[in-house]
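Residue-level listing of the chains:
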Amino acid sequence: KTKKLQSWREILLSNKPPLDIVRWTPEDEQKLSQLQDVQIKLEDTALGRKTALEKTKMMASINNIDLSELQEVEEKVRDATRMKTGEHRDDGGKDEEDEPGHRRTCPNH
């Protein structure tokens, strides 16, 4: 609260004229309404374009990865499919990484 009062005091002492207030018009409301009705597709956004680019890069590099990496990708695809379809794992959810002595190959884990 003290900081707000100090800021307000500085504004008053500066003798600057207040900012002009622009009134909201019916035309502004109509423009807003039109914009709210526009359906924006994911592919029309920066995120959508970046995702498409990453998918293209992944598909182009799939032939250049070794067998163990390919198996890891296959497992990730199966997990993603299960998540999207709501299926459960047949093995009780136990990953190979959960086994004693297994070393993770992915640096992010």
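Residues numbered from 1 in each chain as written. Predicted model: local features only at pLDDT ≥ 70, side-chain atom pairs only at ≥ 80, totals over all residues. Heavy atoms only, no water.

Chemist: It is not clear to me how a nonpolar patch on the surface should be interpreted in this structure. Could you clarify?
Modeler: Taken together, Trp8, Ile11 and Leu12 make up a surface patch of nonpolar side chains, about 340 Å² in accessible area. Considering the arrangement of structural elements, one finds isoleucine 11 in helix 1 (residues 2-14). (Patch = residues over 30% accessible without salt bridge, like charges linked within 9 Å, V, L, I, M, F, W, Y side chains within 5 Å. Areas by Shrake-Rupley, 256 points an atom, 1.4 Å probe, with all protein chains shown as cover. Salt bridge = Lys/Arg side-chain N within 4 Å of Asp/Glu carboxyl O. Helix = DSSP H or I, 4+ residues; strand = E, 2+ residues; numbered from the N terminus.)

Chemist: What should I look at first to understand the pattern of salt bridges in this one?
Modeler: Think of it this way: side chains of opposite charge can pair up when their charged atoms draw near. For the coordinates displayed, the defined rule picks out five salt bridges. Glutamate 75 is the salt-bridge partner of arginine 78, the closest N and O atoms lying 2.9 Å from each other. Within this pair, arginine 78 and its partner glutamate 75 are both found in helix 4 (residues 67-85), separated by three residues, close to a single helical turn. Look at arginine 78 and you get partly exposed, because its relative accessible area is 40%. On the accessibility criterion, glutamate 75 (23% relative accessible area) is partly exposed. (Buried < 20%, exposed > 50% of the residue type's maximum accessible area, 1.4 Å probe, protein only.)

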